[in-house]
Amino acid sequence: MKKILGFCLSGLFALAAWIGRTEALGQTPQAAPFNPAFLESLRDMAPLGAKTDVAAEYPFGWRPGPVDLSHLRTAARVPKALPKTLPKAFDASFDLRTQGKLTTIKNQNPYGTCWAHATCASLESALLTGETNDFSENNLVNLHGLDWGFDDGGNAFLSMAYLTRWDGPVNESDDPYPDIGGSTGAETVRKHVQQVYLIPPKASATGNDAIKQALLDYGALYVNYYHNDTAYNSTYKSYYYSGSSNGNHAVAIVGWNDNFSASQFNSTPAGNGAYVVRNSWGTGWGDSGYFYVSYYDSKFAWDEVYAFHDAESTSNYKRVYAYDPLGWVSSMGTGSGTTYWGANLFAAAADESLGAVGFYAASTGTAYEIYVYKGIAAGVPRSGTLAASNFGTRLAPGYCTIDLSAPVALTNGQRFSIVLKLTTPGNNYPQPFEYAYAGYSSAASASSGQSYYSSAGSSWTDLTTWESTANFCIKGYAASEAEPTYGMRDDGGANLPT
């Protein structure tokens, strides 16, 4: 009896010691620190359509997002992060205006909606020359769902949330700009956006290969920068800023010119070269609405560069299963490791076929493992029958939709789970989640039994016991057909033929 008691006590001491070690090593869940610029912006929530503390004749509208992506700056950044084709060398200049890949210039005046105009410019460009669209910025600004009002500004996180939950895009003719509060939500959605690439920030002033490749492959790119009219040269329609202020405006990159002279800026940068940029201040500004930003600008393309490019037919799927209408607010991990598990549990809304899974990849080279189980027990993500799986590497960060190895047939009311293991190089908070944060995402809500987390994929905990309003950003896409009607999807270069 003494031997048994001694064994039990030694086992308890060992367990206690193990728990202590794992906690010391950061195995308990943690939320990633917020983007410091986001917190600073919330402290100064003034409408951005009005004049701000900088010299400006026109309105701005970009505000920093909540997710700190500074780890992307230290990651390896090479052209293969966004592969479709890899030319041996880029031409000295390129301009989408000569390629038939741009829609007409818009005018955001007098509101701080540049971020919505930059989003639509990128999405419209990606669909050309195959089809011409004019998407509604008004609908996006009215219906993004977060706390910020029509003239409070925004960023690409708001755009991704709105687009990937399929609330848009809708046509400009169905919801013309500007009409504050005029969007009904009943406007016809014209496309299903399944991919958004985040091009990693530049490593140097001349490190433009990833941006150049993305322009060739996907069209116009959403980008933010800091605008001050004192840095704008009205003769050459050029712009160069060398300070440290946070960004305040979003526009679209549409080309480059390596030989644009450094002498054509108000102050002289370290070398030649400029991006060709599309603004949203009407054709009366700049070079008929365009201007040229020095490669050496200290804020241009250093925060957000996105390709809103994969807009598919609305016939691809008929339903999206999700609990994160407001999108990526923060990320979960241990703070000391780059791998973490998340799972969302759903009940099938009809007899249909689950064909793909969507999620946010927080790092270049994010490795994913997807598992779909059906017939699961309540609260047990990996019970029931393993119905499908997929494994791969997401070369570009951003939002991605990954096709399952085979469609999963679901019956109405059947419980199923989507289990996602993510490994994010250089980032210790792999699993993006939504939750209610005052001043930004207050409308977020969650219920027990929806999202679960795990450090190793074996023992699971309900996410609401950690944060009562939190859900993981893991989506499922379903169609009524035996097999979804998508074609070969570009999922970040991981599965493209070489």
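Summarised in this report is the structure supplied together with it. (Residues numbered from 1 in each chain as written. Predicted model: local features only at pLDDT ≥ 70, side-chain atom pairs only at ≥ 80, totals over all residues. Heavy atoms only, no water.)

Brief notes about the overall build of the protein
Here is step 1 of the chain: For the protein, the count of helices and strands is 7 helices and 23 strands.
Here is step 2 of the chain: Sorting the 498 residues of the protein into buried and exposed places 57% on the buried side.
Here is step 3 of the chain: Look at the contacts in the protein between residues 6 or more apart in sequence, and 80% of them connect residues 24 or more apart.
Here is step 4 of the chain: Carbon and sulfur atoms make up 52% of the accessible area of the protein, which totals about 18,700 Å². (Helix = DSSP H or I, 4+ residues; strand = E, 2+ residues; numbered from the N terminus. Buried < 20%, exposed > 50% of the residue type's maximum accessible area, 1.4 Å probe, protein only. Contact = heavy atoms within 4.5 Å. Areas by Shrake-Rupley, 256 points an atom, 1.4 Å probe, with all protein chains shown as cover.)

As for the packing of aromatic side chains
Working definition: an aromatic ring pair is given by the centre-to-centre distance plus the angle between the planes.
Here is step 1 of the chain: The final tally for this structure, using the stated rule, is 43 aromatic pairs.
Here is step 2 of the chain: The interplanar angle of 70 degrees and the centroid separation of 5.0 Å between the aromatic rings of Y275 and Y295 together place this pair among those described as edge-to-face. Of this pair, Y275 sits in strand 8 (residues 274-278) while Y295 sits in the loop between strand 9 (290-294) and strand 10 (305-312); the two residues are 20 residues apart in sequence, bridging distant segments of the chain.
Here is step 3 of the chain: According to the relative accessible area criterion, Y275 is buried, its value standing at 1%. (Phe/Tyr/Trp six-rings, centres within 6.5 Å; stacked < 30°, edge-to-face > 60°.)

Examining unusual backbone geometry
Here is step 1 of the chain: In this chain, L128 is followed by T129 through a cis amide linkage whose omega measures 10 degrees.
Here is step 2 of the chain: With respect to the secondary-structure elements, T129 resides in the loop between helix 4 (114-127) and helix 5 (137-143).
Here is step 3 of the chain: You will see that K237, though not glycine, has its phi angle at about 55 degrees, which is positive.
Here is step 4 of the chain: A relative accessible area of 26% places K237 in the partly exposed class.
Here is step 5 of the chain: Backbone geometry places S288, a non-glycine residue, at a positive phi of 55 degrees.
Here is step 6 of the chain: Mapped onto the secondary structure, S288 falls in the loop between strand 8 and strand 9.
Here is step 7 of the chain: Under the relative-accessibility criterion, S288 is labelled partly exposed at 44%.

A word on the pairing of strand 15 (residues 366-374)
Here is step 1 of the chain: Where strand 15 meets strand 16 (residues 385-394), 9 bridges bridge the pair, whose relative direction is antiparallel. The residue bridging V372 from the neighbouring strand is A388, located in strand 16.
Here is step 2 of the chain: Bridge analysis of strand 15 against strand 18 (residues 415-423) gives 8 bridges, and the strand direction is antiparallel. When the sheet's bridge partners are listed, I370 is paired in strand 18 with L420. (Pairing = 2+ DSSP bridges.)

Quick word on the pairing of strand 3 (residues 192-198)
Here is step 1 of the chain: Counting buried positions along strand 3 yields 7 of 7 residues, so the element is predominantly enclosed.
Here is step 2 of the chain: Two strands pair when backbone bridges link them, and strand 3 and strand 10 are joined in this way by 6 bridges, in the antiparallel orientation. Residue V193 lies in a different strand from strand 10, and its bridge partner there is A311.

A look at the environment of I211
Here is step 1 of the chain: As for its placement among the helices and strands, I211 is situated in helix 7 (residues 209-218).
Here is step 2 of the chain: Put simply, I211 and A307 are 96 residues apart on the chain and 9.7 Å apart in space, counted from C-alpha to C-alpha.
Here is step 3 of the chain: If sequence neighbours within four positions are ignored, I211 has contacts with I199, K202, L221, I253, Y275, A301 and V305.

Quick look at helix 6 (residues 156-164)
Here is step 1 of the chain: Across the 9 residues that make up helix 6, a large majority, 9, are buried.
Here is step 2 of the chain: Turning to helix 6, its buried residues are A156, F157, L158, S159, M160, A161, Y162, L163 and T164.
Here is step 3 of the chain: Its side-chain oxygen 2.9 Å from the backbone nitrogen of F157, N155 forms the N-cap of helix 6.
Here is step 4 of the chain: Immediately downstream of helix 6, the backbone of W166 shows phi near 70 degrees, a positive value. (Polar contact = N/O pair within 3.5 Å; in protein donor to acceptor, adjacent residues only side chain to side chain.)

Some details on the layout of surface pockets
If you roll a probe as big as a water molecule over the atoms, it shows you where there is empty space left.
Here is step 1 of the chain: Size it by volume and the second largest pocket reaches roughly 290 Å³.
Here is step 2 of the chain: N35, L69, R73, W302 and D303 are, among the 18 residues lining the second largest pocket, the residues nearest its centre.
Here is step 3 of the chain: Of the residues contributing to the lining of the second largest pocket, the split by class is 8 nonpolar, 5 polar and 5 charged. (1 Å grid on protein atoms, 1.4 Å probe; cavity = no way out; pocket = protein on both sides within 12 Å on 5 of 7 lines; lining within 4 Å. Points joined across faces, edges and corners; volume = space filled by probe spheres on them. Nonpolar A, V, L, I, M, F, W, Y, C, P; charged D, E, K, R; others polar.)

Let's talk about the pattern of salt bridges
Here is step 1 of the chain: What the rule picks out here adds up to 13 salt bridges.
Here is step 2 of the chain: In this structure, D134 engages K106 in a salt bridge whose closest nitrogen and oxygen atoms are separated by 2.8 Å. Taken together, the residues D134 in the loop between helix 4 and helix 5 and K106 in the loop between strand 2 (93-95) and helix 4 connect sequence positions 28 residues apart.
Here is step 3 of the chain: For D134, a relative accessible area of 35% gives the class partly exposed.
Here is step 4 of the chain: Of the residues examined, K106 reaches a relative accessible area of 15% and is grouped as buried.
Here is step 5 of the chain: The shortest N-O distance in the salt bridge between R165 and D167 comes to 2.7 Å.
Here is step 6 of the chain: Salt bridges sharing partners connect three or more residues here, namely K106, E124, D134 and E137. (Salt bridge = Lys/Arg side-chain N within 4 Å of Asp/Glu carboxyl O.)

Some remarks on empty space enclosed by the protein
Here is step 1 of the chain: With the rule as written, the count across this model stands at 2 cavities of 30 Å³ or more.
Here is step 2 of the chain: In this structure, the largest cavity encloses a volume near 70 Å³.
Here is step 3 of the chain: K106, H117, A118, A121, A250, V251, A252, R278, N279 and S280 are the residues that line the largest cavity.
Here is step 4 of the chain: Contributing elements (two or more residues each) for the lining of the largest cavity: helix 4 and strand 7 (249-257).

Structural notes on helix 7
A turn of α-helix holds 3.6 residues, and therefore any two residues three or four places apart point the same way.
Here is step 1 of the chain: Counting buried positions along helix 7 gives 8 out of 10 residues, so the element sits mostly inside the fold.
Here is step 2 of the chain: Among all positions of helix 7, only A210, I211, K212, Q213, A214, L215, D217 and Y218 are buried.
Here is step 3 of the chain: In the stretch just after helix 7, G219 is the one whose phi turns positive, near 90 degrees.

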